[in-house]
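Listed here are the chains, written in short residue letters.
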Amino acid sequence: MTVNTATIVQNEQEWMQQAIAVATDSANSGGGPFGALIVKDGVVVATAHNQVTATNDPSAHAEVNAIRAACRELGTFILEGCTLITSCEPCPMCLSTALWARLDRLVYCADRNDAAVAGFDDRKFYDLFEKRPTEAWPLQVAHLDLPERTAPFDAWIAKSDRIDY
C-alpha cells in the first residue's frame, strides 16, 4: 500500500486548522488558547481544549485532555498508531504525556516563543529540564532512601495478572 504524502500533509493541515479553531473557541469562551486532537487511521477520535482555569486543574492542558479522551474512546492507555495534532508546541508535561501514551507522531503549529508573547511562558520549564541541576530548581527535590523503597515494584513483579506497559 502506497502512502500519499500530499494527502497526509493536506489532512494534517485540515486537522491543524481544526485544532486552532478549538483553541480560538476556547479562548473566546473563557478557556485557555490551546486546542488539540488525536487522530487514528485518518479519523479524529478526540478533541480537547485547555481547561486549567475552568477546572482549577493545572494538568488540564489541551494535549493531556485530548490524550485522556482518546484513551477513553479507544479503551486503551497506549495510543500507538495515533497522531497528536496541537495548536501549540507542547510544554514538557504534555510532551511527557505524549511519550507515555506511545503516540506515533506529534504535530504542532505555534511554538513556545509564540506562547510566551501571549503570557504562557513555558520556556523556563524547558530550561529547567535542559540546563539546570535539580539543586537550582524553584521546587526543592529531595531523595529519601528507605529499605522498603522497592516494595511496590516487588508487588508489581509478583502480580501474575498485571498488564505491562
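Looking up the protein in an unreviewed UniProt entry gives the name Nucleoside deaminase, with the organism given as Streptomyces eurythermus.

Per the secondary structure count, the protein includes seven helices and four strands. Going from the N terminus to the C terminus, the protein shows its helices and strands as α-β-β-α-α-β-α-β-α-α-α. Once the C-alpha set of the protein is aligned to its principal axes, its extents read approximately 55 × 40 × 30 Å. For the protein, the residues scored as buried account for 31% of the 165 residues in total. For the protein, the share of sequence-separated contacts (at least 6 apart) that also reach a separation of at least 24 residues comes to 49%. Looking at the protein as shown, the accessible area adds up to about 10,800 Å², and 55% of this sits on carbon and sulfur atoms. Side-chain charges of the protein comprise 13 positive and 22 negative groups, with the mean position of each set lying 3 Å from the other.

Here, the residues flagged by UniProt with the feature "domain: CMP/dCMP-type deaminase" (unreviewed entry) are residues 10-120. Helix makes up 46% of residues 10-120 and strand 23%, with an end-to-end C-alpha separation of 29 Å.

What follows concerns the nonpolar core. Soluble, globular proteins show a tendency: their nonpolar side chains are buried together. By size, the foremost hydrophobic cluster in this structure holds 19 residues, and its most contacted members are Ile38, Ile67, Ala70, Leu79, Leu84 and Leu103. Setting aside residues no more than four positions away along its own chain, Leu103 makes contact with Ile38, Ile67, Leu79, Cys82, Thr83, Leu84 and Ala98.

This paragraph deals with the environment of Asp122. Examined against the element boundaries, Asp122 turns out to sit in the loop between α5 (112-117) and α6 (123-131). Along the primary structure Asp122 and Thr83 are separated by 39 residues, whereas in three dimensions their C-alpha atoms are 23 Å apart.

Taken together, four strands build an open sheet; the order of strands is β2-β1-β3-β4 and the sheet is mixed. Only two strands of the sheet have a single neighbouring strand rather than two, namely β2 (43-49) and β4 (105-110). The average undirected angle you get between the axes of adjacent strands in this sheet is 15 degrees. Of the strands in this sheet, β1 (35-40), β2 and β3 (82-88) touch helix α3 (residues 62-74), which is tilted by about 140 degrees from β2.

Under the counting rule described, the total for this entry stands at zero disulfides. Here Cys82 is not cross-linked by a disulfide; its sulfur's nearest cysteine counterpart is in Cys71, at 8.2 Å. We note that Cys94 lacks a disulfide partner, and the nearest cysteine sulfur, in Cys91, lies 3.7 Å from it. In this structure Cys94 comes out as buried when scored by relative accessible area, which is 0%.

Calculation criteria
- Residues numbered from 1 in each chain as written.
- Predicted model: local features only at pLDDT ≥ 70, side-chain atom pairs only at ≥ 80, totals over all residues.
- Heavy atoms only, no water.
- Helix = DSSP H or I, 4+ residues; strand = E, 2+ residues; numbered from the N terminus.
- Buried < 20%, exposed > 50% of the residue type's maximum accessible area, 1.4 Å probe, protein only.
- Contact = heavy atoms within 4.5 Å.
- Areas by Shrake-Rupley, 256 points an atom, 1.4 Å probe, with all protein chains shown as cover.
- Lys, Arg positive; Asp, Glu negative; His and termini not counted.
- Charge placed at Lys NZ, Arg CZ, Asp CG, Glu CD.
- UniProt positions renumbered as here; feature names shortened; annotations may be inferred.
- Core = buried A, V, L, I, M, F, W, Y, C linked by side-chain atoms within 4.5 Å.
- Pairing = 2+ DSSP bridges.
- Axes fitted to C-alpha atoms, helices over the stretch in contact; angles between N-to-C directions.
- Disulfide = S-S within 2.5 Å.

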